[in-house]
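# A structural walkthrough
Below are the chains, spelled out letter by letter.
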Amino acid sequence: MRLDSMLTASERSAAAQSAIRAMRLALTGGKPGDSIEAVSYACAGNKILHAVFVNTAGGSSFATILQQDELIPMQVAVSGSGARYVPVNVNQTYELLTKGDAATLYEDSDTVLAGDCTAKR
C-alpha cells in the first residue's frame, strides 16, 4: 500500500511541507543554522539503513527513512537520550532511535528491523 493513501489530508499536507522544506534546504542551503544530512548505516545481519535528517534553526527535526521501498517521513519525539523519530503517519509503527553514530530501527516497540547500526561516514 502506498504511503500517501494511508495518510489523512492534514498528515499529507504536513509530510509535503516537510519534504518541501527539506528540498528547499538542500537546494538553497537553507537559513543559517539549518542542516540536512544523508546517512547510511551498516547494521547487523548485513542490513543497510538509509536516512536523511533535516534540522532547522528553529529547532524542528525530521528524518526520512527508506523502508520496504517506501520513503517514511518522521518527526522528532520526546527521548530520554539521543534522538527518537516517529512516523508522521500515525498508522505506522516505525521508531528510529539515534545517538551519535549509532541507530536502531524498530517496526514497533518490540521488533527490531535494523539493529546495531553504525553510521558510515
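Residues numbered from 1 in each chain as written. Predicted model: local features only at pLDDT ≥ 70, side-chain atom pairs only at ≥ 80, totals over all residues. Heavy atoms only, no water.

### Quick notes on the packing of aromatic side chains
The tally for this structure, following the rule as stated, stands at 1 aromatic pair. Taking 5.5 Å as the distance between ring centres and 55° as the angle between the ring planes, the aromatic pair formed by Phe53 and Tyr85 counts as tilted. Here the residue Phe53 occupies a position in strand 2 (residues 47–55), and Tyr85 occupies one in strand 5 (residues 83–87), the gap between them amounting to 32 residues. The buried category is assigned to Tyr85, whose relative accessible area is 5%. (Phe/Tyr/Trp six-rings, centres within 6.5 Å; stacked < 30°, edge-to-face > 60°. Helix = DSSP H or I, 4+ residues; strand = E, 2+ residues; numbered from the N terminus. Buried < 20%, exposed > 50% of the residue type's maximum accessible area, 1.4 Å probe, protein only.)

### Topic: the pairing of strand 7 (residues 102–106)
With 4 of its 5 residues buried, strand 7 lies for the most part within the structure. With 5 bridges connecting them, strand 6 (residues 95–99) and strand 7 associate as antiparallel partners. Within strand 7, the residue paired with Leu96 across the bridge is Leu105. If you look at the hairpin formed by strand 6 and strand 7, you'll find 2 residues sitting between the two strands, and Gly100 has a positive phi there, around 60°. Linking strand 7 to strand 8 (residues 112–120), which pair antiparallel, is a turn of 5 residues. (Pairing = 2+ DSSP bridges.)

### Regarding the side chain of Ser61
In this fold, Ser61 is placed in strand 3 (residues 61–67). Judged by relative accessible area, Ser61 falls into the buried class, the value being 15%. Not counting residues within four places of it along the chain, the set of residues in contact with Ser61 comprises Val54, Asn55, Gln75, Val76 and Tyr85. (Contact = heavy atoms within 4.5 Å.)

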